[in-house]
Every structure is written in C-alpha cells, then in structure tokens.
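Reading the structure
The lines below spell out each chain.
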Amino acid sequence: MQDVFSRVLDAIDIETYLICESEDECKEIIYGILNKMGLKDVSIVFIEHNGPGARVRARGYIHKPGDTYGWLEINRRADGQ
Amino acid sequence: MKKKVLLVPLDPVHDIGLKLIKKGLQEVGHSTILLPPDLSQEEIISKIIESQVDTVLISRTLGYGVAEVLGRFIDLADAAGLRDNVRFALGGMAITPKLAAELGFDAGFGPETTIEEAIAFVEGREYLPDQKRSLKVKRDITSKYDYKYKNNRIKKLLDEITDQILDWTADKTSPGVKRAHIREEIFKSKNDKDKAELKKQYAALCDSSVKNHYLKGDLHNKTRLLTFEEIRAFDEYINKLKKKMILKTIQKTEENPIVFIQYGTGCPFMDIAHIKLAEAWGADGVIHFDPSWGARTEGFYEGFLTHEEDGSVITTENLFKIKDCIDENVLWQVRAHRGVNTPETVVIAGNAGADLTKINIAYGSLGGGTDPARLTVDAVEAIKFAAKYKMPFDVVTNEELSGVPAYKAFAGMLIVTNLALRLGAKPILQPLFCYSPEVILGGQMADNYIDFNSAKIYGLREIINAPIWPGAPIGFLTHTEDRIQSSLTTALHAALASSLKVDAISISSSDEAFSGGPITGASRIDTLRATQEIFRFFGHAEITPTIKAREWADELVECIEDVLIKVADKGDFVQSLYDGLLGNKEEGAYPGRAGKNTIIKI
C-alpha cells in the first residue's frame with residue numbers, strides 16, 4: 001500500500017456529499033473515512049452544510065514540501081541506483 | 001444602551017469585514033475605534049484597557065499557526081483581567097463558532113456573517129435571521145408574455161399548419177389517448193370496485209409486459225418494488241429533513257433566469273435525496289427524467305418502483321411520492337414529450353401537482369423514437385390535458401443533437417407552440433444552447449459559443465413574444481468529464497442566458513459527460529455553485545455578441561419561414577415529418593417506430 005501512496009505527488013483529496021446534521025458531524029465522518037483509508041496528515045479543505053448534508057473536500061497529505069518524497073525513491077530504484 | 005466597540009484587524013492585509021461592521025455599528029449609534037493592522041498583541045491589549053470598550057471584534061483569516069496566535073491573545077486578555085468586562089469575538093475566513101469557542105472567544109463569525117449578526121452580538125441579543133434570505137417563491141415564467149407574433153407571415157403559415165393538424169387528428173385516437181382518459185377516471189373514482197374494473201380496461205390497452213404486471217404481478221426486469229421498510233425509513237428521514245430545510249437563492253439580480261436541474265437516477269428515493277440537496281443549494285425547479293424504455297412501452301406499471309439504470313420509472317406512486325417531498329416553492333416538471341404515454345404522463349403529472357410538462361411532436365417523432373402519426377394524435381390530446389391542468393410546457397428541440405439544423409428544429413417547435421396556443425395551453429420555447437453537429441460541421445462556433453446561441457434567442461424573439469427556457473442542459477456537448485471544466489462551461493452558458501434575459505435554464509451536473517455511472521450529489525452542487533457565482537460576477541453587466549449573432553438570427557428566421565412554407569404547401573403535417581421536411585435521415589433524424597400502426601379511427 002505504501003508504494004501506491006508513494007506515487008502521489010503531494011496529497012489525496014476526497015470530494016463527496018455526506019448526509020449529516022452539521023459541519024461538525026461531517027468533519028467527524030470524513031475524518032473517519034480518511035482514517036480508514038490510512039491517511040494520517042489530514043485536513044478539511046472545504047465544507048458547506050445546507051439542508052440534508054454537507055459538501056466536503058477533505059485532504060490527506062502524503063508528501064509535504066521538504067519531506068522525503070516516495071516518488072523520488074521509486075524513480076531512483078527504477079534507475080537502479 | 002449604546003456600546004463602545006474596538007475593531008482589531010489581526011490580519012495583515014484584509015480588514016474590509018471590520019470596516020463594513022464599523023459602518024453598520026455607527027449607523028445604529030454605537031461608537032467604534034478601528035485599529036491599524038500592524039500593532040503587536042501587547043499594544044492591542046493596552047488599547048483595550050485605555051479605551052474602556054465593551055466589545056472587541058477581531059478579524060483574522062485562519063492559516064498556518066494562526067490558532068496559536070489567537071490563543072495567546074486570549075491568554076494575554078485573561079492576564080490583563082479584561083475577560084470579566086469585555087466580550088471578545090473572532091471573525092474571518094475559515095472561522096466557525098466552535099473554533100472561536102475552543103480558542104476562548106465569546107463568539108465566532110465565518111465569511112457568510114451579516115452585519116446584522118455582528119450588531120446583535122455587540123448588543124448582547126439573540127440574532128434572528130432575516131427570513132427574506134431564505135424566501136423563494138415559485139415564478140410563472142409565462143405570465144408576462146402575450147404570445148403575440150411579430151412576424152405575420154410566419155403566423156399565417158403556422159395557422160395553416162395548425163388547421164392541418166387539427167383536421168387530421170379530428171377523427172383519430174390511440175391506445176395512449178384512451179389510457180389517459182381511463183387514468184383520469186381512476187383518479188376520480190372513489191370506489192375500489194370501479195377502480196378494479198377501470199384497471200382491467202387499462203391493462204387491455206398496454207403492451208404485454210405491462211399487461212402481465214396487472215394480471216400476474218410481473219415487473220420489468222430492471223426494476224424492483226421498494227419494500228415497506230424502505231418506504232417507512234425514507235418517510236421518517238424526509239419528515240425530519242423537511243423541518244430544517246432552508247432554500248438558497250442562486251440569482252443575484254431580478255434578471256437572472258430561474259434554474260432547473262434534471263433528476264432521474266432510477267430510484268425515487270435517490271432522486272428525492274438529490275432534489276433536497278439541489279433545493280438546499282438554490283435550484284428553483286427540478287425535472288423528472290424517465291427511462292427511454294418507458295417511453296416506448298405502452299402503459300405504466302404501478303407501485304413504488306426503483307430502476308437499476310438511468311431514468312426514474314413513471315408510476316402514480318413514484319410521482320406522488322416525489323411531489324410530496326419537493327418544497328412547495330420549488331417548481332416541478334414531468335417530461336411527457338417523446339413517447340407512447342405522452343397524454344397519460346400529463347394526466348398523472350397534473351393530478352400529482354406538477355407545475356410544468358414537456359411536449360414536442362417534432363422531437364419526439366424524429367429524435368425520440370415515436371411514430372410521427374401516433375405522436376401527433378397523442379400530443380394534441382396531451383396539450384389539451386396540459387391546458388386543462390394549467391401546466392405550461394416547454395417545446396424542446398433536442399432533435400438538434402441528432403444533427404437536425406436549428407432552423408428546422410425551430411420550425412417544428414413553432415408548429416407545436418402555435419398548436420398549443422390554439423388549444424389554450426401555455427407553451428415555452430426551448431432552444432438548445434449546445435455545440436450541435438450543425439455548428440461543428442458548419443463552423444458557427446469555431447470562434448466562440450456566444451454568437452450562434454445568441455442568434456437563436458434573437459431569431460425567436462423576432463418571431464413571437466413568448467417565454468424562452470434554453471436547455472437542456474445548457475452547454476450540451478461542451479462538457480468534459482473534468483468537473484472544473486464542466487462546471488465552468490455550465491456557468492458561462494448560464495451567464496449568456498442571463499445576459500440574453502431568458503426566463504429559465506436547465507443545467508446539468510458536473511458529471512454531464514461521465515457515462516460510467518450515476519450522477520453524484522456533489523456533482524450537482526458543483527454546477528449550482530458555479531451558476532450562482534457567475535450570476536454574482538456579472539450582476540447587471542452583459543455579454544456582447546459579435547455582429548454575426550444578428551446576421552445568423554436573420555438567416556434563422558428566413559430559413560424557418562422556408563421550412564414552414566414547405567410544410568404548409570405539403571398540406572399534411574404528419575407526412576411532412578415522414579418526408580423529412582423538419583429533419584431528414586441525412587441530418588440524423590429518423591421517424592420513430594414506437595406506436596406505429598396503432599392509430600384508431602373514431
């Protein structure tokens with residue numbers, strides 16, 4: 001699984017609509033989803049609750065600027081270094 | 001009691017929010033002090049002590065490390081003994097009441113905060129939202145039109161063709177027309193025994209698959225009945241949801257068109273879920289899409305049916321359930337335009353409380369798959385029902401998508417429009433805003449999408465004073481699977497529609513070009529938000545087409561007249577459809593076969 005994530009340039013965004021009572025509940029649910037996906041460094045980029053639920057864009061960072069980039073490691077391995 | 005308020009821009013750049021609040025507070029008599037943006041936290045604390053204010057309003061956009069800065073500020077205020085006598089509120093992008101409370105503030109205000117809300121906090125009273133913010137009223141888009149023709153030559157031709165149609169259909173009926181009348185009787189009947197007898201008569205006029213549904217309980221193989229438990233759970237969910245629904249408004253100005261979305265996920269419950277979120281994000285109307293096989297099958301099934309593919313099955317139960325869930329201030333259209341159940345669809349929609357329907361003989365028989373003769377007979381009756389149930393209907397020109405040139409599609413649309421006026425109905429013109437085969441081959445949109453779409457509106461307005469509702473959806477064939485591109489092209493077409501001052505538009509979701517599965521709720525919100533934003537962007541400003549728009553409009557009107565002359569000369573509207581005068585096989589229009597040879601002589 002790590003290898004798959006290592007190809008992500010920087011982050012994975014999850015965009016969806018959640019049926020929920022409030023933005024707070026939406027946050028709880030979306031963090032649960034991100035957690036289930038194994039994403040650790042997570043943020044909510046955008047959230048708006050109206051009526052039946054919330055439109056949400058949540059983000060799990062895989063590589064932040066200055067990290068050791070997995071995709072570079074894979075590239076080096078592919079070159080036999 | 002008047003208050004003294006200190007306004008503190010902790011944000012290094014943006015203090016416009018505070019300036020607006022300052023103005024609002026002053027207007028109602030409070031005194032205010034706005035600090036410059038470059039003070040240290042300690043200097044701000046000193047200013048609070050010096051000025052002896054009652055309230056401190058801090059503006060700060062949340063970003064990296066900002067929460068720590070704000071937390072420290074509150075600690076300093078605590079240490080200075082200010083918290084007992086001074087109330088602190090925090091406002092700005094990404095600020096929520098919960099976050100502000102966690103940081104120790106007395107209140108938190110996000111970017112949607114109104115001046116009234118801030119004043120209420122300063123005055124220490126509960127904020128009661130202005131009910132007008134959520135007020136949405138159904139608009140009758142036909143009410144301001146007199147349907148007077150501006151082109152009398154075209155009116156004369158249309159009157160001749162209307163006479164042809166009414167003469168030709170006078171001694172004819174069809175199983176579809178008969179079913180529609182039986183359906184009306186079923187609605188009127190209070191007696192179960194009578195109803196059962198009527199249903200027997202009804203079943204005898206249906207295709208074998210539907211007949212077997214009534215006789216043996218068979219269902220279409222891609223449908224299932226929703227269970228009692230599912231229906232009960234859904235009713236509970238909806239009843240709870242209805243109590244907290246607030247309808248948003250997309251329009252910025254009174255000239256922005258009303259906005260319809262189309263639904264038809266296959267499942268009435270998923271449809272309703274989509275309708276509710278579309279209402280919450282500002283849709284003014286919703287349009288029911290049924291499956292294509294439903295339009296080719298004689299007769300309707302019964303019960304709460306869900307369908308595993310696109311298009312939600314029309315049954316009395318499904319439509320009544322959907323109507324029950326739609327907000328009373330949101331318009332509802334049920335399409336009847338293209339199949340062998342056209343008159344009965346209008347009857348069910350009318351009884352269910354639909355506001356609008358959709359009928360077009362030319363499209364339904366040249367692009368929709370129904371035999372021209374059959375649809376002509378059925379549509380005349382359907383139009384009479386639409387008039388009876390006071391449902392205006394749009395006359396859609398989707399045959400353009402098969403390759404029929406706009407002028408021919410418009411000639412067909414105007415024929416049905418004039419027929420509707422003769423029968424006492426209220427038609428709405430529905431030109432397409434699309435990147436059609438005609439313009440792809442002809443190059444009319446090689447430079448821009450504005451001129452040819454504008455020409456359509458200009459041309460129609462040169463002919464008749466009637467409501468115009470471009471569809472369906474606007475920007476058809478300009479969408480890609482990318483949600484940004486898709487939302488943007490919808491919004492830009494909405495801006496053009498608004499600039500042309502049309503009455504309504506139908507918009508797609510940002511999944512318009514995706515064919516791999518059902519549309520998602522999130523994708524519906526994308527285009528509603530994009531449309532709202534473009535209305536905000538343009539306000540009363542307008543898009544200016546080039547000179548080509550007027551030239552093409554004049555050409556369109558001339559070509560429409562030429563087509564109408566040919567149809568009038570032929571003396572037989574139905575034969576004109578078969579003969580391709582309103583769209584031929586080379587152009588991609590094929591007379592439909594559903595319902596062929598089913599006309600009954602009276």
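Residues numbered from 1 in each chain as written. Chains lettered and ligands numbered in written order. Predicted model: local features only at pLDDT ≥ 70, side-chain atom pairs only at ≥ 80, totals over all residues. Heavy atoms only, no water.

What to know about the overall build of chain B
Helix and strand counts for chain B come out as 23 helices and 18 strands. In terms of overall dimensions, chain B has a C-alpha envelope of 95 × 60 × 40 Å along the principal axes. Going through the 602 residues of chain B one by one, you find that 57% of them count as buried. Residue pairs in contact within chain B that sit at least 24 positions apart in sequence constitute 77% of those at least 6 positions apart. When the accessible surface of chain B is totalled, it reaches about 25,400 Å², and 53% of it is carbon and sulfur. Computed over 74 positive and 84 negative side-chain charges, the inter-centroid distance for chain B is 4 Å. (Helix = DSSP H or I, 4+ residues; strand = E, 2+ residues; numbered from the N terminus. Buried < 20%, exposed > 50% of the residue type's maximum accessible area, 1.4 Å probe, protein only. Contact = heavy atoms within 4.5 Å. Areas by Shrake-Rupley, 256 points an atom, 1.4 Å probe, with all protein chains shown as cover. Lys, Arg positive; Asp, Glu negative; His and termini not counted. Charge placed at Lys NZ, Arg CZ, Asp CG, Glu CD.)

Side note on the overall build of chain A
Summing up its helical and strand segments, chain A has 3 helices and 3 strands in all. Scanning chain A from its N terminus toward the C terminus, one meets helices and strands in the order α-β-α-β-β-α. Its C-alpha atoms give chain A a radius of gyration of 16 Å, clearly above 12 Å, the size a compact globule of 81 residues would have. If you line up chain A on its principal axes, its C-alpha atoms span 55 × 20 × 15 Å. Carbon and sulfur atoms provide 50% of the accessible area of chain A, an area that totals close to 4,900 Å². (Rg over C-alpha atoms; globule rule 2.2 N^0.38 Å.)

Observations regarding the interface of chain B and chain A
The parts lose accessible area when they come together, and the size of an interface is often stated as this lost area. Across the boundary between the two partners, chain B contributes 18 residues, which contact 17 residues of chain A. Summed over both sides, the interface of chain B with chain A buries roughly 1,300 Å², with 56% coming from carbon and sulfur. The shortest N-O distance in the salt bridge between A:Glu21 and B:Lys244 comes to 3.1 Å. At the junction of chain B and chain A, the tally comes to 6 residue pairs in polar contact (both at pLDDT 80 or more). Looking at the side of chain B that touches chain A, the elements with two or more residues in it are α10 (228-244), α11 (268-280) and α21 (521-538) of chain B. (Buried area = accessible area lost by both parts, 1.4 Å probe. Salt bridge = Lys/Arg side-chain N within 4 Å of Asp/Glu carboxyl O. Polar contact = N/O pair within 3.5 Å; in protein donor to acceptor, adjacent residues only side chain to side chain.)

Side note on unusual backbone geometry
Residues and elements named next belong to chain B. Cis geometry marks the peptide bond from alanine 472 to proline 473, where omega comes out at 0 degrees. In this structure, proline 473 sits in strand β16 (residues 471-476). One non-glycine residue, glutamine 52, adopts positive backbone phi at about 50 degrees. If you trace the backbone, glutamine 52 turns up in the loop between α2 (41-51) and β3 (55-59). Despite not being glycine, lysine 501 has its phi angle at roughly 60 degrees, a positive value. Note that lysine 501 resides in the loop between α20 (483-499) and β17 (504-507).

Points about the nonpolar core
Residues and elements named next belong to chain B. Ranked by size, the top nonpolar core spans 132 residues in total, and within it Trp332 and Phe573 carry the most contacts. Those residues in contact with tryptophan 332 that sit more than four places away from it in its chain are Tyr263, Val286, His288, Leu319, Ile322, Lys323, Ile326, Ala352, Gly353, Ala354, Asp355 and Leu356. Listed in part, the 24 residues of the second largest apolar core include Ile48, Phe73, Val86 and Leu103. (Core = buried A, V, L, I, M, F, W, Y, C linked by side-chain atoms within 4.5 Å.)

So, the domain arrangement of chain B
The domain architecture assigned to chain B consists of domain 1 (4-123), domain 2 (174-205) and domain 3 (379-397 + 411-514 + 529-586). A separation of 69 Å is found between the C-alpha centroids of domain 1 of chain B and domain 2 of chain B. (Domains from an automatic or database assignment.)

Brief notes about the packing of helix α1 (residues 16-27) of chain B against helix α5 (residues 115-122) of chain B
Residues and elements named next belong to chain B. Following both chains from N to C, one finds α1 and α5 inclined at 60 degrees, their axes separated by 9 Å at the closest point. The two elements α1 and α5 cross, and the hand of that crossing is right-handed. Between α1 and α5, the contacting residues are Leu20, Ile21, Gly24 and Leu25 on the first element and Ile115, Ala118, Ile119 and Val122 on the second. Residue composition of the contact of α1 with α5, grouped by class: 7 nonpolar, 1 polar and no charged. (Axes fitted to C-alpha atoms, helices over the stretch in contact; angles between N-to-C directions. Left-handed = near helix turned anticlockwise from the far one by under 90°. Nonpolar A, V, L, I, M, F, W, Y, C, P; charged D, E, K, R; others polar.)

Remarks on the sheet that holds strand β12 (residues 356-358) of chain B
Residue and element names in this part refer to chain B. Pairing is parallel across the open sheet formed by 7 strands, whose spatial order is β14-β13-β12-β11-β9-β8-β17. The two strands at the open ends of the sheet, each matched to only one other strand, are β14 (427-430) and β17. Mean inter-strand twist for the sheet, computed between neighbouring axes without regard to direction, equals 25 degrees. As paired strands, β12 and strand β13 (residues 393-396) are joined by 2 bridges and run parallel to one another. (Pairing = 2+ DSSP bridges.)

Regarding the pairing of strand β9 (residues 285-288) of chain B
The side chains of a regular strand alternate, first on one face of the sheet and then on the other. All names here are of chain B. Covered by surrounding structure in β9 are Gly285 and Ile287 together with Val286 and His288, the residues of both alternating faces. Bridging between strand β8 (residues 258-263) and β9 involves 4 bridges; their strand directions are parallel. Residue pairing in the sheet places glutamine 262 in a bridge with isoleucine 287 of β9. Handedness of the β8-α11-β9 crossover: right-handed. In this sheet, strand β11 (residues 331-335) lies alongside β9 in parallel orientation, the contact comprising 4 bridges. Directly across from isoleucine 287, in β11, lies its bridge partner glutamine 333. (Right-handed = clockwise from strand over helix to strand, strands pointing away.)

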